[in-house]
Amino acid sequence: MATPVTRRQLIGGAAGGLFAWGSAAGAARGAPSHRLPEPETVKTTDPASMSAVEAAALLRAGRLHPRELLDSCLARTRAFDGDIGSWVRLYPEFAYEAADAAGARLARARREDTDLSPLCGLPVGLKDIFAVSGLPLTASSRVLEGNIAAGHSGVWRRLEQAGAVLVGHTHTDEFAIGLTTPQVGNPWNTDFSPGGSSGGSAAALAARFVPLAVGSDTGGSVRMPASACGVSSIKPTYGRITSHGMIPLTWTRDHVGPMARSLADAALLMSVLAGADADDPITSLGPRVPEGGYPVAARGGASPLAGIRVGVSTNPAPVPAAAVQRVVDMFLDLLRSLGAVTVPVTMPAMPSSLATGDRVEMGSYHQQFGDRLGLYRPENGGLAAAAVASLAVPAGDYFMLERDRIRFQSEYNRMFAEHALDAVAAPGCAVDGVRRGELLGVAVTSGAVADVRWANYAGAPVVTIPAGRSADTGMPVGVQLGARPWQDAELIAIGLEVQAALPVWRDEPVLAESIARAPEVPRGTPGAGPDPTNTSGAAAPVRTPPMNPVG
(Lines give C-alpha, C1' and ligand atoms only; values in the text may rest on other atoms or scores of the structure.)
Protein backbone atom coordinates (compact mmCIF):
# COMPACT_ATOMS: atom_id res chain seq x y z
CA MET A 1 0.00 0.00 0.00
CA ALA A 2 1.29 3.46 -0.88
CA THR A 3 2.28 5.74 1.95
CA PRO A 4 -0.41 8.37 2.65
CA VAL A 5 0.54 11.91 1.65
CA THR A 6 0.31 14.45 4.44
CA ARG A 7 -1.41 17.80 4.03
CA ARG A 8 1.95 19.57 4.28
CA GLN A 9 3.43 17.31 1.60
CA LEU A 10 0.43 17.70 -0.71
CA ILE A 11 0.07 21.45 -0.41
CA GLY A 12 3.74 22.25 -0.12
CA GLY A 13 4.54 20.13 -3.14
CA ALA A 14 2.02 21.92 -5.33
CA ALA A 15 2.98 25.40 -4.20
CA GLY A 16 6.68 24.63 -4.42
CA GLY A 17 6.43 23.69 -8.08
CA LEU A 18 7.11 19.95 -8.10
CA PHE A 19 5.67 19.79 -11.60
CA ALA A 20 7.36 20.61 -14.94
CA TRP A 21 6.71 19.52 -18.50
CA GLY A 22 8.87 16.42 -18.43
CA SER A 23 11.07 16.90 -21.49
CA ALA A 24 14.49 15.25 -21.61
CA ALA A 25 16.08 18.69 -21.44
CA GLY A 26 13.97 19.63 -18.45
CA ALA A 27 14.86 16.41 -16.64
CA ALA A 28 18.53 16.97 -17.37
CA ARG A 29 18.33 20.40 -15.76
CA GLY A 30 16.67 18.91 -12.70
CA ALA A 31 13.54 20.98 -13.34
CA PRO A 32 10.34 20.13 -11.47
CA SER A 33 8.07 17.58 -13.18
CA HIS A 34 4.50 18.26 -14.31
CA ARG A 35 4.32 14.63 -15.29
CA LEU A 36 2.62 14.67 -18.66
CA PRO A 37 1.65 11.05 -19.38
CA GLU A 38 4.16 8.84 -21.14
CA PRO A 39 3.16 8.57 -24.82
CA GLU A 40 2.91 4.77 -24.50
CA THR A 41 0.13 5.13 -21.92
CA VAL A 42 -2.19 7.09 -24.23
CA LYS A 43 -4.80 4.58 -25.40
CA THR A 44 -7.19 6.99 -27.15
CA THR A 45 -6.86 6.70 -30.92
CA ASP A 46 -9.13 9.53 -32.10
CA PRO A 47 -7.13 12.74 -31.62
CA ALA A 48 -10.29 14.82 -31.00
CA SER A 49 -11.18 12.60 -28.04
CA MET A 50 -7.76 12.91 -26.39
CA SER A 51 -7.39 15.01 -23.29
CA ALA A 52 -5.11 18.02 -23.57
CA VAL A 53 -2.36 16.39 -21.50
CA GLU A 54 -2.55 13.22 -23.61
CA ALA A 55 -2.40 15.16 -26.88
CA ALA A 56 0.44 17.33 -25.52
CA ALA A 57 2.46 14.20 -24.69
CA LEU A 58 2.02 12.82 -28.22
CA LEU A 59 2.76 16.16 -29.87
CA ARG A 60 5.98 16.55 -27.92
CA ALA A 61 7.05 12.99 -28.77
CA GLY A 62 6.39 13.52 -32.48
CA ARG A 63 3.69 10.84 -32.54
CA LEU A 64 0.99 13.34 -33.46
CA HIS A 65 1.21 16.44 -35.65
CA PRO A 66 -0.78 19.58 -34.80
CA ARG A 67 -2.37 19.43 -38.25
CA GLU A 68 -3.67 15.91 -37.59
CA LEU A 69 -5.14 17.03 -34.29
CA LEU A 70 -6.75 20.07 -35.91
CA ASP A 71 -8.10 17.91 -38.76
CA SER A 72 -9.84 15.68 -36.23
CA CYS A 73 -11.30 18.58 -34.23
CA LEU A 74 -12.60 20.41 -37.31
CA ALA A 75 -14.02 17.23 -38.88
CA ARG A 76 -15.93 16.48 -35.69
CA THR A 77 -17.14 20.09 -35.46
CA ARG A 78 -18.32 20.16 -39.06
CA ALA A 79 -20.16 16.86 -38.67
CA PHE A 80 -21.89 17.43 -35.32
CA ASP A 81 -22.13 21.11 -34.34
CA GLY A 82 -25.32 21.95 -36.24
CA ASP A 83 -27.80 21.12 -33.46
CA ILE A 84 -25.35 22.15 -30.74
CA GLY A 85 -24.23 25.47 -32.22
CA SER A 86 -21.26 25.98 -29.91
CA TRP A 87 -19.32 28.15 -32.38
CA VAL A 88 -20.06 31.72 -33.48
CA ARG A 89 -17.34 31.59 -36.13
CA LEU A 90 -14.59 29.19 -37.20
CA TYR A 91 -11.14 30.24 -38.47
CA PRO A 92 -9.73 27.20 -40.33
CA GLU A 93 -7.27 29.17 -42.48
CA PHE A 94 -5.86 30.95 -39.44
CA ALA A 95 -5.84 27.67 -37.49
CA TYR A 96 -3.94 25.64 -40.10
CA GLU A 97 -1.26 28.32 -40.35
CA ALA A 98 -0.83 28.13 -36.59
CA ALA A 99 -0.83 24.31 -36.62
CA ASP A 100 1.92 24.18 -39.23
CA ALA A 101 3.98 26.74 -37.31
CA ALA A 102 3.50 24.74 -34.11
CA GLY A 103 4.57 21.56 -35.89
CA ALA A 104 7.79 23.24 -37.00
CA ARG A 105 8.46 24.50 -33.46
CA LEU A 106 7.89 21.06 -32.00
CA ALA A 107 10.18 19.40 -34.56
CA ARG A 108 12.93 21.93 -33.85
CA ALA A 109 12.57 21.42 -30.10
CA ARG A 110 12.98 17.65 -30.55
CA ARG A 111 16.07 18.10 -32.72
CA GLU A 112 17.67 20.59 -30.34
CA ASP A 113 16.42 18.89 -27.16
CA THR A 114 14.88 22.13 -25.90
CA ASP A 115 11.64 22.70 -24.04
CA LEU A 116 8.43 24.29 -25.27
CA SER A 117 5.12 25.25 -23.73
CA PRO A 118 2.90 22.16 -23.39
CA LEU A 119 0.17 24.12 -25.21
CA CYS A 120 2.18 24.20 -28.44
CA GLY A 121 -0.04 22.70 -31.16
CA LEU A 122 -3.15 22.29 -28.99
CA PRO A 123 -6.48 23.58 -30.42
CA VAL A 124 -8.40 26.09 -28.31
CA GLY A 125 -11.71 27.94 -28.46
CA LEU A 126 -12.15 31.51 -27.18
CA LYS A 127 -15.38 32.89 -25.79
CA ASP A 128 -16.60 35.64 -28.13
CA ILE A 129 -15.45 38.42 -25.79
CA PHE A 130 -11.66 37.97 -26.22
CA ALA A 131 -10.06 40.07 -28.93
CA VAL A 132 -7.81 38.61 -31.63
CA SER A 133 -6.46 41.25 -34.00
CA GLY A 134 -8.16 41.20 -37.39
CA LEU A 135 -10.86 38.72 -36.37
CA PRO A 136 -14.51 39.55 -35.64
CA LEU A 137 -15.49 40.18 -32.03
CA THR A 138 -19.23 40.42 -31.41
CA ALA A 139 -20.06 39.12 -27.89
CA SER A 140 -22.67 37.00 -29.75
CA SER A 141 -24.77 40.14 -30.25
CA ARG A 142 -26.22 42.03 -33.22
CA VAL A 143 -25.11 45.18 -31.41
CA LEU A 144 -21.51 44.46 -32.48
CA GLU A 145 -22.24 42.98 -35.90
CA GLY A 146 -19.30 43.80 -38.19
CA ASN A 147 -16.95 44.69 -35.33
CA ILE A 148 -13.33 43.67 -35.93
CA ALA A 149 -10.82 43.47 -33.09
CA ALA A 150 -8.11 46.13 -33.18
CA GLY A 151 -5.50 44.12 -31.29
CA HIS A 152 -4.88 41.04 -29.20
CA SER A 153 -6.37 40.45 -25.79
CA GLY A 154 -3.83 39.55 -23.14
CA VAL A 155 -5.27 36.03 -23.11
CA TRP A 156 -4.74 35.45 -26.83
CA ARG A 157 -1.30 37.07 -26.78
CA ARG A 158 -0.18 34.49 -24.20
CA LEU A 159 -1.80 31.61 -26.06
CA GLU A 160 -0.31 32.64 -29.40
CA GLN A 161 3.16 32.92 -27.88
CA ALA A 162 2.73 29.43 -26.44
CA GLY A 163 1.89 28.04 -29.90
CA ALA A 164 -1.80 27.29 -29.29
CA VAL A 165 -4.07 26.88 -32.32
CA LEU A 166 -7.23 29.04 -32.37
CA VAL A 167 -10.11 27.10 -33.91
CA GLY A 168 -12.80 29.75 -33.46
CA HIS A 169 -14.85 31.95 -31.17
CA THR A 170 -17.47 30.16 -29.08
CA HIS A 171 -20.93 31.50 -28.34
CA THR A 172 -21.61 33.44 -25.17
CA ASP A 173 -24.92 34.54 -23.78
CA GLU A 174 -25.19 38.02 -25.33
CA PHE A 175 -22.46 40.23 -23.81
CA ALA A 176 -22.03 37.50 -21.14
CA ILE A 177 -25.18 38.84 -19.45
CA GLY A 178 -27.42 35.82 -19.00
CA LEU A 179 -27.61 32.35 -17.49
CA THR A 180 -28.38 30.09 -20.42
CA THR A 181 -26.59 30.84 -23.76
CA PRO A 182 -29.84 30.06 -25.64
CA GLN A 183 -28.13 29.84 -29.05
CA VAL A 184 -26.39 26.64 -27.90
CA GLY A 185 -27.67 23.14 -27.10
CA ASN A 186 -26.16 20.97 -24.41
CA PRO A 187 -24.30 18.06 -26.11
CA TRP A 188 -25.78 15.62 -23.58
CA ASN A 189 -29.29 16.62 -24.68
CA THR A 190 -29.74 19.55 -27.03
CA ASP A 191 -33.17 20.29 -25.56
CA PHE A 192 -31.27 21.54 -22.51
CA SER A 193 -29.11 24.64 -22.02
CA PRO A 194 -25.34 24.33 -21.66
CA GLY A 195 -25.50 27.06 -19.01
CA GLY A 196 -24.22 30.58 -19.29
CA SER A 197 -22.59 32.72 -20.07
CA SER A 198 -19.65 30.55 -21.26
CA GLY A 199 -22.08 27.96 -22.64
CA GLY A 200 -20.46 27.75 -26.06
CA SER A 201 -17.05 26.99 -24.59
CA ALA A 202 -18.45 24.28 -22.30
CA ALA A 203 -20.46 22.70 -25.14
CA ALA A 204 -17.46 22.65 -27.50
CA LEU A 205 -15.45 20.84 -24.83
CA ALA A 206 -18.15 18.30 -23.98
CA ALA A 207 -18.69 17.54 -27.68
CA ARG A 208 -14.93 16.99 -28.19
CA PHE A 209 -14.62 19.82 -30.71
CA VAL A 210 -11.56 21.19 -28.87
CA PRO A 211 -9.56 20.02 -25.83
CA LEU A 212 -9.23 23.53 -24.35
CA ALA A 213 -11.37 26.67 -24.15
CA VAL A 214 -11.40 30.01 -22.39
CA GLY A 215 -14.46 31.51 -20.70
CA SER A 216 -15.16 34.22 -18.17
CA ASP A 217 -16.87 34.16 -14.79
CA THR A 218 -18.69 37.18 -13.30
CA GLY A 219 -21.36 35.21 -11.43
CA GLY A 220 -20.63 31.55 -12.10
CA SER A 221 -20.22 31.82 -15.87
CA VAL A 222 -17.56 29.13 -16.19
CA ARG A 223 -18.74 27.07 -13.21
CA MET A 224 -22.40 26.65 -14.17
CA PRO A 225 -21.65 25.66 -17.82
CA ALA A 226 -18.90 23.28 -16.67
CA SER A 227 -21.35 21.64 -14.28
CA ALA A 228 -24.14 21.49 -16.88
CA CYS A 229 -21.92 19.98 -19.59
CA GLY A 230 -19.80 17.59 -17.53
CA VAL A 231 -16.48 19.40 -18.03
CA SER A 232 -14.01 21.17 -15.75
CA SER A 233 -13.18 24.80 -15.08
CA ILE A 234 -10.99 27.05 -12.96
CA LYS A 235 -12.20 30.41 -11.75
CA PRO A 236 -8.84 31.74 -10.56
CA THR A 237 -8.15 34.32 -7.90
CA TYR A 238 -9.31 37.72 -9.14
CA GLY A 239 -6.44 39.38 -10.99
CA ARG A 240 -4.46 36.18 -11.52
CA ILE A 241 -5.17 36.21 -15.29
CA THR A 242 -5.21 39.35 -17.41
CA SER A 243 -8.55 40.67 -18.66
CA HIS A 244 -6.95 43.22 -21.02
CA GLY A 245 -8.73 43.17 -24.37
CA MET A 246 -11.80 41.38 -23.01
CA ILE A 247 -15.32 42.78 -23.37
CA PRO A 248 -16.40 43.30 -19.73
CA LEU A 249 -19.59 42.62 -17.85
CA THR A 250 -18.54 44.12 -14.50
CA TRP A 251 -14.86 44.96 -14.10
CA THR A 252 -14.54 44.16 -10.40
CA ARG A 253 -16.21 40.73 -10.70
CA ASP A 254 -14.97 39.52 -14.12
CA HIS A 255 -12.58 36.57 -13.93
CA VAL A 256 -10.98 34.91 -16.96
CA GLY A 257 -11.64 31.17 -16.64
CA PRO A 258 -9.63 28.26 -18.13
CA MET A 259 -11.98 25.44 -19.19
CA ALA A 260 -11.25 21.89 -20.31
CA ARG A 261 -12.56 18.36 -20.05
CA SER A 262 -10.44 17.52 -17.02
CA LEU A 263 -9.03 19.65 -14.24
CA ALA A 264 -5.53 18.57 -15.29
CA ASP A 265 -6.18 20.03 -18.75
CA ALA A 266 -7.57 23.26 -17.28
CA ALA A 267 -4.49 23.56 -15.04
CA LEU A 268 -2.28 23.11 -18.10
CA LEU A 269 -4.07 26.03 -19.71
CA MET A 270 -3.92 28.15 -16.56
CA SER A 271 -0.15 27.70 -16.33
CA VAL A 272 0.13 29.64 -19.60
CA LEU A 273 -2.55 32.24 -18.90
CA ALA A 274 -1.59 33.20 -15.33
CA GLY A 275 0.95 35.87 -14.54
CA ALA A 276 1.83 39.52 -14.86
CA ASP A 277 0.66 41.53 -17.87
CA ALA A 278 1.94 45.10 -18.29
CA ASP A 279 -1.40 46.06 -19.88
CA ASP A 280 -3.32 44.94 -16.76
CA PRO A 281 -1.48 46.21 -13.66
CA ILE A 282 -3.56 44.20 -11.18
CA THR A 283 -1.85 41.03 -12.44
CA SER A 284 1.42 42.26 -10.89
CA LEU A 285 0.00 42.90 -7.40
CA GLY A 286 -0.56 39.38 -6.07
CA PRO A 287 1.90 36.63 -5.12
CA ARG A 288 3.99 35.19 -7.92
CA VAL A 289 2.68 32.30 -9.98
CA PRO A 290 4.30 29.07 -8.64
CA GLU A 291 7.55 28.24 -10.37
CA GLY A 292 6.81 25.64 -13.01
CA GLY A 293 3.13 26.54 -13.15
CA TYR A 294 0.23 24.54 -11.75
CA PRO A 295 0.02 20.79 -11.07
CA VAL A 296 -1.48 18.52 -13.72
CA ALA A 297 -1.25 15.11 -12.05
CA ALA A 298 -2.59 13.61 -8.85
CA ARG A 299 -0.05 12.27 -6.39
CA GLY A 300 -2.27 9.37 -5.37
CA GLY A 301 -1.87 7.04 -2.42
CA ALA A 302 -4.32 5.43 -0.04
CA SER A 303 -5.43 8.67 1.66
CA PRO A 304 -4.15 11.53 -0.52
CA LEU A 305 -6.40 14.09 1.22
CA ALA A 306 -5.49 13.12 4.78
CA GLY A 307 -5.61 16.25 6.94
CA ILE A 308 -7.57 18.30 4.39
CA ARG A 309 -10.65 20.05 5.86
CA VAL A 310 -13.52 20.91 3.51
CA GLY A 311 -16.39 23.18 4.53
CA VAL A 312 -19.92 22.28 3.43
CA SER A 313 -22.49 25.05 3.53
CA THR A 314 -25.47 24.69 5.84
CA ASN A 315 -27.22 27.61 4.13
CA PRO A 316 -26.97 27.10 0.34
CA ALA A 317 -28.93 29.59 -1.71
CA PRO A 318 -30.67 28.31 -3.75
CA VAL A 319 -31.24 24.88 -2.21
CA PRO A 320 -30.18 22.14 -4.68
CA ALA A 321 -32.72 19.88 -6.35
CA ALA A 322 -32.94 16.42 -4.76
CA ALA A 323 -31.32 14.65 -7.73
CA VAL A 324 -28.44 17.14 -7.70
CA GLN A 325 -27.98 16.78 -3.94
CA ARG A 326 -27.72 12.99 -4.26
CA VAL A 327 -24.76 13.35 -6.63
CA VAL A 328 -23.17 15.96 -4.37
CA ASP A 329 -23.59 13.68 -1.34
CA MET A 330 -21.76 10.88 -3.16
CA PHE A 331 -19.01 13.35 -4.02
CA LEU A 332 -18.68 14.30 -0.34
CA ASP A 333 -18.53 10.62 0.59
CA LEU A 334 -15.66 10.25 -1.86
CA LEU A 335 -13.82 13.18 -0.28
CA ARG A 336 -14.07 11.49 3.08
CA SER A 337 -12.89 8.17 1.64
CA LEU A 338 -9.76 9.95 0.39
CA GLY A 339 -9.02 11.15 3.91
CA ALA A 340 -10.64 14.59 3.95
CA VAL A 341 -12.75 15.82 6.83
CA THR A 342 -15.99 17.66 5.97
CA VAL A 343 -17.06 20.49 8.27
CA PRO A 344 -20.49 22.19 8.34
CA VAL A 345 -20.12 25.94 7.84
CA THR A 346 -22.36 28.97 7.42
CA MET A 347 -21.35 31.00 4.41
CA PRO A 348 -21.27 34.76 5.04
CA ALA A 349 -24.38 36.71 4.08
CA MET A 350 -24.30 38.36 0.66
CA PRO A 351 -24.70 42.17 0.94
CA SER A 352 -27.66 43.15 -1.24
CA SER A 353 -25.89 46.41 -2.10
CA LEU A 354 -23.38 44.58 -4.27
CA ALA A 355 -26.00 43.97 -6.97
CA THR A 356 -26.26 47.75 -7.43
CA GLY A 357 -22.52 47.91 -7.95
CA ASP A 358 -22.80 45.24 -10.65
CA ARG A 359 -25.44 47.28 -12.52
CA VAL A 360 -23.39 50.48 -12.31
CA GLU A 361 -20.33 48.80 -13.79
CA MET A 362 -22.37 47.13 -16.52
CA GLY A 363 -24.01 50.44 -17.35
CA SER A 364 -20.64 52.18 -17.60
CA TYR A 365 -19.75 49.94 -20.52
CA HIS A 366 -23.14 49.59 -22.22
CA GLN A 367 -23.93 53.31 -22.29
CA GLN A 368 -22.00 53.53 -25.56
CA PHE A 369 -24.72 51.41 -27.21
CA GLY A 370 -27.62 53.61 -26.13
CA ASP A 371 -28.61 54.17 -29.76
CA ARG A 372 -28.65 50.40 -30.42
CA LEU A 373 -30.86 49.07 -27.63
CA GLY A 374 -33.23 47.62 -30.21
CA LEU A 375 -30.46 45.31 -31.45
CA TYR A 376 -30.09 43.46 -28.15
CA ARG A 377 -32.20 40.38 -27.56
CA PRO A 378 -35.42 41.84 -26.07
CA GLU A 379 -34.83 40.51 -22.56
CA ASN A 380 -31.22 41.76 -22.53
CA GLY A 381 -32.11 45.17 -23.93
CA GLY A 382 -34.12 45.79 -20.78
CA LEU A 383 -31.22 44.71 -18.58
CA ALA A 384 -28.80 46.95 -20.48
CA ALA A 385 -31.15 49.94 -20.27
CA ALA A 386 -31.59 49.42 -16.51
CA ALA A 387 -27.84 49.18 -16.09
CA VAL A 388 -27.29 52.47 -17.92
CA ALA A 389 -29.99 54.11 -15.80
CA SER A 390 -28.12 52.97 -12.67
CA LEU A 391 -25.32 55.40 -13.53
CA ALA A 392 -27.39 57.95 -11.63
CA VAL A 393 -26.21 56.27 -8.39
CA PRO A 394 -24.01 58.84 -6.57
CA ALA A 395 -20.28 58.09 -6.71
CA GLY A 396 -20.11 58.08 -2.92
CA ASP A 397 -22.73 55.34 -2.78
CA TYR A 398 -20.77 53.27 -5.30
CA PHE A 399 -17.63 53.39 -3.17
CA MET A 400 -19.68 52.38 -0.12
CA LEU A 401 -20.77 49.35 -2.12
CA GLU A 402 -17.11 48.54 -2.69
CA ARG A 403 -16.55 48.72 1.06
CA ASP A 404 -19.31 46.12 1.44
CA ARG A 405 -17.34 43.88 -0.92
CA ILE A 406 -14.19 44.25 1.18
CA ARG A 407 -16.20 43.46 4.30
CA PHE A 408 -17.55 40.31 2.61
CA GLN A 409 -14.02 39.25 1.69
CA SER A 410 -12.98 39.60 5.34
CA GLU A 411 -15.90 37.48 6.51
CA TYR A 412 -15.15 34.81 3.93
CA ASN A 413 -11.49 34.61 4.97
CA ARG A 414 -12.49 34.59 8.65
CA MET A 415 -14.71 31.56 8.02
CA PHE A 416 -11.70 29.68 6.66
CA ALA A 417 -9.54 30.67 9.63
CA GLU A 418 -12.13 29.85 12.30
CA HIS A 419 -12.78 26.37 10.91
CA ALA A 420 -9.17 25.71 9.76
CA LEU A 421 -10.49 25.02 6.27
CA ASP A 422 -8.52 24.15 3.18
CA ALA A 423 -11.54 24.34 0.86
CA VAL A 424 -15.30 24.64 0.66
CA ALA A 425 -17.57 22.45 -1.48
CA ALA A 426 -20.84 23.40 -3.20
CA PRO A 427 -22.95 22.16 -6.12
CA GLY A 428 -21.92 23.60 -9.46
CA CYS A 429 -25.58 24.30 -10.16
CA ALA A 430 -28.63 23.85 -7.93
CA VAL A 431 -31.14 23.02 -10.68
CA ASP A 432 -31.34 19.66 -12.46
CA GLY A 433 -30.92 21.02 -15.96
CA VAL A 434 -32.52 24.05 -17.61
CA ARG A 435 -34.53 23.74 -20.81
CA ARG A 436 -33.49 25.96 -23.70
CA GLY A 437 -35.57 29.10 -23.71
CA GLU A 438 -36.10 29.08 -19.95
CA LEU A 439 -34.67 31.80 -17.68
CA LEU A 440 -34.13 34.27 -20.51
CA GLY A 441 -33.43 37.73 -19.16
CA VAL A 442 -32.03 36.48 -15.84
CA ALA A 443 -28.55 37.92 -15.29
CA VAL A 444 -25.65 35.71 -14.23
CA THR A 445 -25.06 38.06 -11.29
CA SER A 446 -28.48 37.16 -9.82
CA GLY A 447 -27.45 33.83 -8.31
CA ALA A 448 -30.80 32.40 -9.45
CA VAL A 449 -29.77 28.81 -10.23
CA ALA A 450 -26.54 28.26 -8.31
CA ASP A 451 -24.71 29.30 -5.16
CA VAL A 452 -21.81 30.96 -6.97
CA ARG A 453 -21.63 34.69 -6.21
CA TRP A 454 -19.57 34.24 -3.04
CA ALA A 455 -16.50 33.44 -5.11
CA ASN A 456 -16.76 36.50 -7.37
CA TYR A 457 -17.26 38.90 -4.49
CA ALA A 458 -14.52 37.24 -2.41
CA GLY A 459 -12.17 37.08 -5.42
CA ALA A 460 -11.51 33.47 -4.38
CA PRO A 461 -10.35 30.61 -6.64
CA VAL A 462 -12.78 27.80 -7.46
CA VAL A 463 -12.40 24.60 -9.46
CA THR A 464 -15.48 22.86 -10.83
CA ILE A 465 -15.24 19.17 -11.71
CA PRO A 466 -17.78 16.62 -12.97
CA ALA A 467 -19.29 14.50 -10.18
CA GLY A 468 -21.78 12.31 -12.04
CA ARG A 469 -25.18 12.56 -13.68
CA SER A 470 -28.68 13.08 -12.38
CA ALA A 471 -30.78 9.95 -11.99
CA ASP A 472 -33.84 12.01 -13.00
CA THR A 473 -32.71 13.81 -16.18
CA GLY A 474 -29.44 12.11 -17.09
CA MET A 475 -27.77 15.53 -17.22
CA PRO A 476 -24.29 16.11 -15.74
CA VAL A 477 -23.78 17.45 -12.23
CA GLY A 478 -20.60 19.21 -11.15
CA VAL A 479 -19.21 20.27 -7.80
CA GLN A 480 -17.33 23.45 -6.92
CA LEU A 481 -14.30 23.41 -4.62
CA GLY A 482 -13.27 26.88 -3.46
CA ALA A 483 -10.36 28.17 -1.41
CA ARG A 484 -9.01 31.45 -0.09
CA PRO A 485 -7.58 34.05 -2.49
CA TRP A 486 -4.21 33.13 -3.98
CA GLN A 487 -4.52 29.45 -2.99
CA ASP A 488 -5.03 28.40 -6.63
CA ALA A 489 -2.23 25.84 -6.75
CA GLU A 490 -3.22 24.23 -3.47
CA LEU A 491 -6.84 24.02 -4.59
CA ILE A 492 -5.95 22.47 -7.94
CA ALA A 493 -3.83 19.87 -6.15
CA ILE A 494 -6.83 18.87 -4.01
CA GLY A 495 -9.13 18.75 -7.05
CA LEU A 496 -6.73 16.53 -8.98
CA GLU A 497 -6.82 13.90 -6.24
CA VAL A 498 -10.62 13.87 -6.35
CA GLN A 499 -10.79 13.73 -10.13
CA ALA A 500 -8.27 10.85 -10.25
CA ALA A 501 -10.63 8.86 -8.03
CA LEU A 502 -13.74 9.97 -9.99
CA PRO A 503 -12.82 10.11 -13.70
CA VAL A 504 -16.37 10.73 -14.97
CA TRP A 505 -14.98 13.57 -17.11
CA ARG A 506 -14.02 10.83 -19.59
CA ASP A 507 -17.69 10.03 -20.27
CA GLU A 508 -18.69 11.27 -23.74
CA PRO A 509 -22.16 12.30 -24.91
CA VAL A 510 -23.56 10.51 -27.96
CA LEU A 511 -23.91 13.12 -30.70
CA ALA A 512 -26.34 13.12 -33.61
CA GLU A 513 -24.89 14.03 -37.00
CA SER A 514 -25.79 17.62 -37.81
CA ILE A 515 -23.73 19.77 -40.16
CA ALA A 516 -22.16 22.85 -38.54
CA ARG A 517 -23.71 26.20 -39.39
CA ALA A 518 -20.98 28.51 -38.07
CA PRO A 519 -19.36 30.60 -40.82
CA GLU A 520 -15.70 29.98 -41.62
CA VAL A 521 -13.98 33.36 -41.62
CA PRO A 522 -10.50 34.51 -42.74
CA ARG A 523 -8.44 37.05 -40.83
CA GLY A 524 -8.90 40.63 -42.01
CA THR A 525 -7.78 44.18 -41.34
CA PRO A 526 -7.76 45.13 -37.63
CA GLY A 527 -10.30 47.67 -36.38
CA ALA A 528 -9.39 51.25 -35.59
CA GLY A 529 -9.06 50.78 -31.82
CA PRO A 530 -7.37 51.97 -29.68
CA ASP A 531 -8.78 49.29 -27.35
CA PRO A 532 -8.20 45.74 -28.64
CA THR A 533 -11.96 45.09 -28.50
CA ASN A 534 -12.56 48.05 -30.86
CA THR A 535 -15.17 49.32 -28.39
CA SER A 536 -15.08 52.06 -25.75
CA GLY A 537 -14.70 51.58 -22.03
CA ALA A 538 -13.49 47.99 -22.09
CA ALA A 539 -10.48 48.80 -19.91
CA ALA A 540 -11.31 48.86 -16.20
CA PRO A 541 -10.91 52.27 -14.54
CA VAL A 542 -10.28 50.74 -11.09
CA ARG A 543 -9.36 47.18 -10.11
CA THR A 544 -7.96 46.01 -6.79
CA PRO A 545 -6.81 42.51 -5.88
CA PRO A 546 -8.47 40.53 -3.09
CA MET A 547 -6.83 40.34 0.30
CA ASN A 548 -3.98 37.89 0.73
CA PRO A 549 -5.09 36.08 3.90
CA VAL A 550 -2.43 35.09 6.41
CA GLY A 551 -2.40 31.76 8.21
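Residues numbered from 1 in each chain as written. Predicted model: local features only at pLDDT ≥ 70, side-chain atom pairs only at ≥ 80, totals over all residues. Heavy atoms only, no water.

Draft legend 1. Region of interest: the confidence of the model for the chain. Overall, the predicted model of the chain reaches an average pLDDT of 92, with 93% of residues at or above 70. With pLDDT under 50 throughout, residues 1-33 is counted as low confidence; its partners more than four residues away or in other chains account for 74 contacts. (pLDDT = per-residue confidence, 0-100. Contact = heavy atoms within 4.5 Å.)

Draft legend 2. Summary view of the packing of helix 4 (residues 66-84) against helix 5 (residues 92-112). Relative to each other, helix 4 and helix 5 sit at 155 degrees, their axes nearing to 8 Å. Classed by the angle they form, the pair helix 4 and helix 5 counts as roughly antiparallel. Residues Pro 66, Arg 67, Leu 70, Asp 71, Leu 74 and Arg 78 of helix 4 lie in contact with helix 5, whose contacting residues are Pro 92, Ala 95, Tyr 96, Ala 99, Asp 100, Ala 102, Gly 103 and Leu 106. Across the contact of helix 4 with helix 5, the residue classes tally to nine nonpolar, one polar and four charged. (Axes fitted to C-alpha atoms, helices over the stretch in contact; angles between N-to-C directions. Helix = DSSP H or I, 4+ residues; strand = E, 2+ residues; numbered from the N terminus. Parallel < 35°, antiparallel > 145°, perpendicular 65-115°, else oblique. Nonpolar A, V, L, I, M, F, W, Y, C, P; charged D, E, K, R; others polar.)

Draft legend 3. Broad picture of unusual backbone geometry. Cis geometry marks the peptide bond from Ala 317 to Pro 318, where omega comes out at 5 degrees. Positive phi values are uncommon outside glycine, yet Ser 140 reaches one of about 50 degrees. Tracing the sequence through the fold places Ser 140 in the loop between strand 2 (123-127) and helix 6 (154-162). Accessibility expressed as a relative area gives 14% for Ser 140, which makes it buried. (Buried < 20%, exposed > 50% of the residue type's maximum accessible area, 1.4 Å probe, protein only.)

Draft legend 4. Here's a closer look at the side chain of Ser 201. Here Ser 201 lies in helix 7 (residues 199-206). Among the polar contacts made by the side chain of Ser 201, one reaches the side chain of Thr 170 at a distance of 2.8 Å. Residue contacts for Ser 201: discarding those within four places in its chain leaves Lys 127, Thr 170, His 171, Ala 213, Val 214 and Met 259. (Polar contact = N/O pair within 3.5 Å; in protein donor to acceptor, adjacent residues only side chain to side chain.)

Draft legend 5. Region of interest: helix 11 (residues 353-366). Taking 1.5 Å per residue, 14 residues should reach 20 Å; helix 11 reaches 21 Å between its end C-alpha atoms and fits that length. The buried count for helix 11 comes to 10 of 14 residues, which makes it a mostly enclosed element. Every buried residue belonging to helix 11 is among Ser 353, Leu 354, Gly 357, Asp 358, Val 360, Glu 361, Met 362, Gly 363, Tyr 365 and His 366, and all of these are buried. The inward-facing, buried residues of helix 11 abut helix 12 (378-389), helix 13 (395-419) and helix 14 (453-458). (Expected span 1.5 Å × (residues − 1).)

Draft legend 6. Looking closely at the pairing of strand 2. For strand 2, the buried fraction is high: five of the five residues fall into the buried class. Of the two faces of strand 2, the one holding Pro 123, Gly 125 and Lys 127 and the one holding Val 124 and Leu 126 are both buried throughout. With five bridges connecting them, strand 2 and strand 3 (residues 165-170) associate as parallel partners. Each residue of the ladder has a partner; that of Pro 123, found in strand 3, is Val 165. Regarding the hand of the β-α-β motif, the stretch spanning strand 2, helix 6 and strand 3 is right-handed. Inspection of the sheet shows strand 2 paired to strand 4 (residues 212-217) by three bridges, in the parallel sense. Within the sheet, the bridge partner assigned to Val 124 lies in strand 4 and is Leu 212. (Pairing = 2+ DSSP bridges. Right-handed = clockwise from strand over helix to strand, strands pointing away.)

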